[in-house]
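# Survey of secondary and tertiary structure
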Amino acid sequence: MLAFIIRRLLQATLVMAVVALIAFTLFRFVGDPINQMVGIETSLEERAALREALGLNDPVAVQFLRFIWNAVQLNFGISYQFKKPVLDLIAERFPATMELAIVSAIFSMLLGIPMGVYTALRRDAWLSKLFLTLSLVGISLPTFLIGILLIFLFAVTLGVLPSFGRGDTVRLGLWDTGLLTWSGLKALVLPSITLGLFQMTLIMRLVRSEMLEVLRTDYVKFARARGLTNRAVHFGHALKNTMVPVITIAGLQLGSIIAFAIITETVFQWPGMGLMFLRAVQNVDIPIMSAYLLLVAFIFVTVNLIVDLLYVVVDPRIRIDARGA
Amino acid sequence: MTEPVLSVRNLKVEFPTRRGRLTAIDDISFDLMPGEVLGVVGESGAGKSITGTAIIGLIEPPGRIAGGEILLKGRRIDNLPPDAMRKIRGKRIGMVFQDPLTSLNPLYRIGDQLIETVQTHTDLSAAAARNRALALLTEVGIPAPASRIDNYPHQFSGGMRQRVVLALALAAEPELVIADEPTTALDVSVQAQIIALIKRLCRQHGAAVMLITHDMGVIAETADRVAVMYAGRIVEIGPVRDVVKQPHHPYTKGLMGSIPTIATESDRLLQIPGSMPRLTAIPKGCAFHPRCPARFAPCDQVRPELAGRDRSQVACWLYHDVPAPAELQP
Ligand SMILES: Nc1ncnc2c1ncn2[C@@H]1O[C@H](COP(=O)(O)OP(=O)(O)OP(=O)(O)O)[C@@H](O)[C@H]1O
Ligand SMILES: [Mg+2]
């Protein structure tokens, strides 16, 4: 078990190192950092001095190590646009994105799993066919279009939900939460549906196909042959086995929800990291870009790790194999 | 005369397929007496498993029982509402499948699977059900059951897993056990043990057994009677001694031609030239006639019915009155 965790940690570190290299390359070679930082009127001597002070004349390897060292200490430099430490900027936006992503993920699972189970168990019911048709729509419509349609319907036509922003937030220590105010909750509804819809259809289809697969297995047949009730067979044996791959995929999707949040945040002017990243790209604000890249990669890797460990908890076979390995 | 545990009367099972209706079981009848072991043999696809599946009422739609009846202790069970049939499964009819590796849910401890089964069919408390589970594991020969009951299936060997499966099938003391190739997936070295165990347990519990297998050696050693199936029909049925020593149907003769012993691993009864017809294209007359070394005039025209010859019955024109030539088309 310990060996398993250590191996996974090493893999994760390797992935992070590769991403750091990309972020560093971006930082170092896309445009000249000095040009981005200073005005046109800065003299050549001043530029050279700044270059020396920032260590840009050191060998690339040294610079890379310094970049990593800084990143590990969460020092991502100063934003070109805002002239503020990138870390502070991220800390301001991080809660908005995380709340949106987590609420979307919960929404997508709370609906996707029961819908998947229903469509697998009642294959011929009209409701199943409706779900499947709708899920096709959900998968094929682009996120921004869904967002705009929802805004049109609920914000413009019905006027019941806000179309942009986060509403009122409450500060809990370092975390700015919108979950504790009525307007904050209302503001979350449309963006999280927009962001979660694709995941929901994905989870529904995944649960459905996994469940159909599991229902064909010998152990389900044997469970029926032992006279277990349909409830025990479907929601005990079949669902438990279905959830193993679903947990993996759904967990891994959390990473892509955060990545996809860029689009949703743009549509809803959601003050999160995605919106900040997009602005940074428009303004070639490289410290923010590379910090965002590192952060998203870090979240991906962490989620991956947690999913792996969860998998071990759920599936006894892996527990043993891992112990042996 | 005692009442049979199981009576199958003119059973017919059909599957609608894209190429038309497929009759997997075509009009079979047999009885199983209390405590009797009936062996069922026949080539792959002959309909052995479907017969067992039909008896416990688990034919998957769109497949269906298209005719005949199944009686358990004289009561029809083929037309019961689903929940009434569910209560019979496991409680009165136990089933053992071919592959112990896949018959147990990998995510459930074996104890939980046993307790769940016991509690489904009895009013026992959780603690009492656990004791019952321990007793069952002891009975099927799992050493140190108290330390094994909370293990997962993958922590057992194939033979041990099949013992657990057997414990599950016997958990509610069924009157009938259907064992569908219970040893095919197992190591040769443990096959004989499992067969002996099934036989001993069923005798102790007074359960009748329908033992489906490819292995004539197992049948010869274990069964009281044997039914030989071909293309969805029973072609010969009778006491093992008669059928094995003096087979009548040419197909049975072919099967007996080389009884594989347990040690040589069954060679899937392929010693008869040719292969069984597809069920959507069963030839007219006797389904076996294209492969039959002894075929004659009526065989490709009229289907022979299973008919008595003392204790055995056989469906072959060699042993029946041949229909008048007028009935046969040239
Ligand atoms: N779900 C199904 N749909 C269509 N046909 C089926 C289905 N299940 C079984 N059959 C048909 O029923 C026939 C009998 O199958 P069955 O499983 O009973 O054979 P078997 O005698 O048990 O063979 P084996 O020795 O390989 O287990 C097969 O030829 C198959 O074509
Ligand atoms: Mg079979």
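These remarks concern the structure in this document.

Criteria and cut-off values
- Residues numbered from 1 in each chain as written.
- Chains lettered and ligands numbered in written order.
- Predicted model: local features only at pLDDT ≥ 70, side-chain atom pairs only at ≥ 80, totals over all residues.
- Heavy atoms only, no water.
- Helix = DSSP H or I, 4+ residues; strand = E, 2+ residues; numbered from the N terminus.
- Buried < 20%, exposed > 50% of the residue type's maximum accessible area, 1.4 Å probe, protein only.
- Contact = heavy atoms within 4.5 Å.
- Areas by Shrake-Rupley, 256 points an atom, 1.4 Å probe, with all protein chains shown as cover.
- Expected span 1.5 Å × (residues − 1).

### Observations concerning the overall build of chain A
Scanning chain A from N- to C-terminus turns up 13 helices and 2 strands. Overall size of chain A, expressed as C-alpha extent along the three principal axes, is 85 × 60 × 35 Å. Looking at chain A residue by residue over its 325 residues, the buried ones come to 44%. Sequence-distant contacts in chain A: of pairs separated by 6 or more residues, those separated by 24 or more amount to 70%. Only carbon and sulfur atoms are counted for the fraction: they give 71% of the accessible area of chain A, which is about 16,400 Å².

### Observations regarding unusual backbone geometry
Residues and elements named next belong to chain B. Of note, the bond from Pro 61 into Pro 62 is cis; its omega dihedral lies within 30 degrees of zero at 10 degrees. By secondary structure assignment, the location of Pro 62 is in the loop between helix H1 (48–55) and strand S4 (64–72). Of note in this structure, Ala 144 is not a glycine but carries a positive phi near 45 degrees. You can see Ala 144 is positioned in the loop between helix H5 (126–139) and helix H6 (145–148). Here the phi dihedral of Glu 181 falls at roughly 45 degrees; this positive angle occurs in a residue that is not glycine. Tracing the chain through its elements places Glu 181 in the loop between strand S7 (176–180) and helix H8 (188–205). Taking relative accessible area as the criterion, Glu 181 reaches 6% and is therefore assigned buried.

### A word on helix H4 (residues 110–121) of chain B
With 12 residues, H4 of chain B should cover 16 Å at 1.5 Å per step; its first-to-last C-alpha distance of 17 Å lies within 8% of that length. In terms of burial, H4 of chain B is largely enclosed, as 9 of its 12 residues are buried. Three or more residues of H4 of chain B are buried, namely Ile 110, Gly 111, Gln 113, Leu 114, Ile 115, Glu 116, Thr 117, Val 118 and His 121 of chain B. Buried residues along H4 of chain B sit in contact with helix H10 (230–267) of chain A together with helix H2 (82–88), H5, H6 and helix H7 (158–169) of chain B.

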